[in-house]
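# Inside the fold
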Amino acid sequence: MQSGFPLFPESASTMAGQVDALYVFLVAMSAFFSLLIAASVVYCAIRYRRRSPDEVGGSFHASMLLEVTWTIIPLGIVLFLFFWGARVFFLQVQPPPDALELTATGKQWMWRFQHPDGQREINTLHVPTGQPIRIEMISEDVLHSLYVPVFRTKMDVVPGRYTTLWFEATKPGTYHLFCAEYCGTEHSGMVGWVEVMTPEDYQHWLAGGAAADKPPAEAGADLFASIGCNTCHVDAGGGRAPSLRGVFGRQVQLANGQTVVADASYLRRSILEPPAQLVAGYQPIMPTYKGQISEENLFKLIAYIKSLSDGGAATPAPAADPAAAAGADAPAATTGAAAPAAGTQGGAG
Ligand code: CUA
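What counts and how
- Residue indices begin from 1 for each chain and proceed along its sequence in written order.
- It should be noted that, the model being predicted, local features are given only for residues of pLDDT at least 70 and side-chain atom pairs only at 80 or more, the latter also being counted only at that level, while totals for whole chains, interfaces and linings use all residues.
- Values reported for side chains reflect all heavy atoms of the structure, with hydrogen atoms and water molecules removed beforehand.
- Criterion used throughout: strands pair if DSSP finds at least two bridges between them.
- Only DSSP runs of H or I reaching four residues or more are called helices, and only runs of E reaching two or more are called strands; each is numbered from the N terminus.
- To qualify as a nonpolar core, a set must consist of buried Ala, Val, Leu, Ile, Met, Phe, Trp, Tyr and Cys residues joined through side-chain atoms within 4.5 Å.
- Relative accessibility under 20% of the residue-type maximum defines a buried residue, over 50% an exposed one, and the middle range a partly exposed one, all with a 1.4 Å probe and only protein chains included.
- Note on contacts: a residue pair is in contact if any heavy atoms of the two residues lie within 4.5 Å.
- Interaxial angle, 0 to 180 degrees, is taken between N-to-C directions of lines fitted to C-alpha atoms, where a helix line uses only the stretch in contact.
- Here the angle decides the label: under 35 degrees means roughly parallel, over 145 means roughly antiparallel, 65 to 115 means roughly perpendicular, and every other value means oblique.
- By definition, turning the near helix anticlockwise from the far helix through less than a right angle yields a left-handed crossing, and turning it clockwise yields a right-handed one.
- Nonpolar residues are Ala, Val, Leu, Ile, Met, Phe, Trp, Tyr, Cys and Pro. Charged residues are Asp, Glu, Lys and Arg, and all others, Gly as well, are polar.
- pLDDT gives the predictor's per-residue confidence on a scale running from 0 to 100.
- A carboxyl oxygen of Asp or Glu within 4 Å of a side-chain nitrogen of Lys or Arg is what we treat as a salt bridge.

## Observations concerning the pairing of strand S10 (residues 192–197)
- Here five bridges tie strand S4 (residues 124–128) to S10, and the two strands are oriented parallel to one another. Within S10, the residue paired with proline 128 across the bridge is methionine 197.
- Relative to S10, strand S9 (residues 173–179) runs antiparallel, the two sharing five bridges. Paired with threonine 174 across the strands is glutamate 195, a residue of S10.

Next comes the structure, spelled out in structure tokens:
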């Protein structure tokens, strides 16, 4: 199918078949009605043409049956399409809960990806087959859009807001990855490759081939200590700021009376604009970190905060003692290390 002139991209995800079926149905239906209408126009033009210069047309009375028929049938067709389309849409925007979580940052003009164990790559994305993959994405500058045609999936990557894309690859191979949103001079060069591998090859790649940082949750624990978050966000509670243990995914009561779910977007905003969604019972004393923490470091901090909610596996950062905080890098790294890594891809460590 890929040789010569490919009319259609290959299918390499569990979603592809469903998207294709809907697409083929839409095209077939449009073609059917286009032909039907064009043929009727030609037929009527010939059948009812004027045969002599002084011919007068006959009178015509509306037919209720005809009116009702050509209202009801198209209504049924578009409603059918609406429900079918909505089903595929919901499938695309609801990642399975057991999905492997990767992060992506778009930047003029490259894609940066990071795996749960810390492996990083640029413009290339290695993924295993048979495992749902969820990519949490953000842009460092302008709008981009991550598009992998063989997976039939595409999602905007927006500055200041997390978006997600998920897929489950089915077929090993090397496939195109595009930026699908015009983002400046070198938009057309913001492309790369998805390497779909068998789960065994993926494990090998994780263990060997990749340039790896610390796992994001672990790097986030270091950061949390090195910029001094832990001096106020005391893990055991009782600090000047709320403990972050178990916060991720929970409802948070705000000072303005509202409640929000502490998801990644809420945490990101609370780091960059602390007073915006202040937690009830605390003073607005936290400084803003806007412009001081890169999007990638924000991902790490959030991964760390999230790890504090994953079954309590993560070890608390060293306690509130400022003396401990000063030398906290090393202990935080070692203690934080065991937990998230064990929970995710044990084989790679
Ligand atoms: Cu990034 Cu186009």
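## Focus on the nonpolar core
- Counting 30 residues, the largest nonpolar core has Trp111, Leu125, Ile135, Leu146, Phe151 and Phe167 as the members making the most contacts within it.
- Dropping the residues within four chain positions of it, phenylalanine 167 is found in contact with Leu125, Val127, Gln131, Pro132, Ile133, Ile135, Phe151 and Thr153.
- Core analysis: the next-biggest nonpolar cluster, separate from the first, contains 27 residues, Phe224, Leu267, Phe299 and Tyr304 among them.

## Side note on the packing of helix H1 (residues 16–47) against helix H2 (residues 64–93)
- Following both chains from N to C, one finds H1 and H2 inclined at 160°, their axes separated by 10 Å at the closest point. Relative to H2, the element H1 lies roughly antiparallel. Considering how the two elements wind past one another, H1 and H2 form a crossing that is left-handed. Taken together, the residues of H2 that come into contact with H1 (itself represented by Gln18, Val19, Ala21, Leu22, Phe25, Leu26, Met29 and Phe33) are Ile77, Phe80, Leu81, Trp84, Gly85, Arg87, Val88, Leu91 and Gln92.
- A breakdown of the residues in the contact of H1 with H2 according to their chemical character gives 13 nonpolar, three polar and one charged.

## Structural notes on the environment of serine 309
- Within the fold, serine 309 resides in the loop between helix H7 (295–307) and helix H8 (322–326).
- Its relative accessible area of 23% is what places serine 309 among the partly exposed residues.
- Beyond its immediate stretch of four places on either side in the chain, serine 309 contacts Gly246, Val247 and Phe248.

## Digging into the confidence of the model for the protein
- Here the protein shows a mean pLDDT of 82. Residues at 70 or above account for 87%.
- When pLDDT is averaged over each helix and strand of the protein, the minimum, 37, is found for helix H9 (residues 329–343) and the maximum, 95, for strand S6 (residues 144–148).

## Details of unusual backbone geometry
- Cis geometry is adopted by the peptide bond preceding tryptophan 109, which originates at glutamine 108 and carries an omega value of 0°.
- The topology assignment puts tryptophan 109 in the loop between strand S1 (100–107) and strand S2 (110–114).
- Its identity as a non-glycine residue notwithstanding, asparagine 123 has a phi of 60°, on the positive side.
- Among the secondary structure elements, asparagine 123 is positioned in the loop between strand S3 (119–122) and S4.
- In this model, arginine 152 sits at a positive phi of 55°, which is unusual for a non-glycine residue.
- A relative accessible area of 10% places arginine 152 in the buried class.

## Some words on the pattern of salt bridges
- A complete count under the given rule lists 10 salt bridges for this structure.
- Ionic pairing is found between arginine 152 and aspartate 20, a salt bridge with its closest N-O pair at 2.6 Å. Pair noted here: arginine 152 is in the loop between S6 and strand S7 (153–157) and aspartate 20 is in helix H1, with a separation of 132 residues, a long-range link.
- Residue classification places aspartate 20 among the buried positions, given a relative accessible area of 14%.

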